[in-house]
Amino acid sequence: MSLGAVQAAFDSLKADFREARFPVVAGRLAGEALVWGDSLLDLFRNADRGGLEEVDSLARFWVLRYRGMPVSADLAGAPAGVGFVLAFTAFPYLDVMMELWELGELAETAEPDRLRVRCLFDGLDEGAIVTAERAGGGWRFDLMPLYRDKVRALDAFVATRFDGDFDAFIHFYVAEHDLDFDFDQAWRPLSGA
């Protein structure tokens, strides 16, 4: 097992993100990212305002953004990886972060088909560790630590620009992008879900 092969697979995953090949990305996820993706899809279908206010800002933004459209996104039957990718990429201003991440050295002794690798952000080790799992002839990745880094970045943005007022942030985003958006619908569970 070669760390270089895992790093190359991660670079390929970054290219899939860059080229918006999201179904491919969803199929290359593993671990906690898939568990969270399944939870995100459940939140999308069933969470009310109280439930959404209990989750992280990126999950909340994704659910509101896609439920508030004139016709809410139809994610019936979507696999867990899709839920994760949609939330991970929901706030496009954070997409540059994926470009700045790269895999560094092993974080611990490698198992035969599973590696835990330090993830560098713009060349710096900020503590994120990505798990890579062998899947057939390739590698799948648990991007949950990178998701958490995106949440922290979004939280910092909302704190700086909107004094931590998430509602003000959502209203600004909708107005800035001139979206046809139904706020009441966005905060309600999907009917018939």
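Here's what I pulled together on the structure shown here.

What counts, and where the lines are drawn
- Residues numbered from 1 in each chain as written.
- Predicted model: local features only at pLDDT ≥ 70, side-chain atom pairs only at ≥ 80, totals over all residues.
- Heavy atoms only, no water.
- Buried < 20%, exposed > 50% of the residue type's maximum accessible area, 1.4 Å probe, protein only.
- Helix = DSSP H or I, 4+ residues; strand = E, 2+ residues; numbered from the N terminus.
- Contact = heavy atoms within 4.5 Å.
- Polar contact = N/O pair within 3.5 Å; in protein donor to acceptor, adjacent residues only side chain to side chain.
- Lys, Arg positive; Asp, Glu negative; His and termini not counted.
- Salt bridge = Lys/Arg side-chain N within 4 Å of Asp/Glu carboxyl O.
- Axes fitted to C-alpha atoms, helices over the stretch in contact; angles between N-to-C directions.
- Parallel < 35°, antiparallel > 145°, perpendicular 65-115°, else oblique.
- Left-handed = near helix turned anticlockwise from the far one by under 90°.
- Nonpolar A, V, L, I, M, F, W, Y, C, P; charged D, E, K, R; others polar.
- Core = buried A, V, L, I, M, F, W, Y, C linked by side-chain atoms within 4.5 Å.

**Some thoughts on helix α5 (residues 57-67)**
In terms of residue burial, α5 counts as a mostly covered element, since nine of its eleven residues are buried. Turning to α5, its buried residues are S57, L58, A59, R60, F61, W62, V63, L64 and R67. Elements in contact with the buried residues of α5: α3 (32-46), α4 (49-53), α6 (80-88), α8 (144-162), α9 (166-176) and α10 (183-187). Its side-chain oxygen 3.0 Å from the backbone nitrogen of L58, D56 forms the N-cap of α5.

**Considering the side chain of R67**
Checked against the element boundaries, R67 lands in helix α5. Buried and unpaired, R67 has no salt bridge, with D48 as the nearest side chain of opposite charge at 7.4 Å. For R67, the side chain forms a polar contact with the main-chain oxygen of A47, separated by 2.9 Å. At a separation of 3.0 Å, a polar atom in the side chain of R67 contacts the main-chain carbonyl oxygen of A186.

**Some thoughts on the packing of α5 against α9**
For the pair α5 and α9, the least separation of the axes is 12 Å and the interaxial angle reads 45°. Here α9 runs oblique to α5, going by the angle between their axes. Read as a crossing pair, α5 and α9 show a hand that is right-handed. Contacts from S57, R60, F61, L64 and R65 in α5 reach F166, F169, I170 and Y173 in α9.

**Examining the pattern of salt bridges**
Tallying each qualifying case throughout the model produces 13 salt bridges. Between D167 and R49 there is a salt bridge; the shortest N-O distance is 2.5 Å. One end of the pair, D167, is in helix α9; the other, R49, is in helix α4, with 118 residues separating them in the sequence. Residue E111 is joined to R114 by a salt bridge in which the shortest nitrogen-to-oxygen separation is 3.7 Å. Linked through salt bridges whose partners overlap, the residues forming this network are D16, R21 and R28.

**Looking at the packing of α5 against α6**
Interaxial distance between α5 and α6 falls to 8 Å at its minimum, and their mutual angle equals 95°. Overall, the two elements α5 and α6 adopt an arrangement that is roughly perpendicular. For the pair formed by α5 and α6, the contact residues are L58, W62 and Y66 on the first element and L86, A87 and F88 on the second. By residue class, the composition of the contact of α5 with α6 is six nonpolar, no polar and no charged.

**What to know about the environment of F157**
Turning to its location among the elements, F157 is positioned in helix α8. Excluding residues that lie within four positions of it along the chain, F157 makes contacts with F91, F162 and F169.

**Some points on the nonpolar core**
As a rule of thumb, nonpolar side chains are buried together in soluble globular proteins. Core analysis: the largest hydrophobic core is formed by 62 residues, its most contacted members being W62, F141 and Y147. A per-element tally of this core places α8 first, with seven residues. Dropping the residues within four chain positions of it, W62 is found in contact with L40, L41, F44, L75, L86, A87 and A90.

**Digging into the environment of R134**
Tracing the chain through its elements places R134 in strand β3 (residues 124-135). R134 sits in the partly exposed class, given a relative accessible area of 36%. Here the side chain of R134 touches D113 through a polar contact of 2.8 Å, side chain to side chain.

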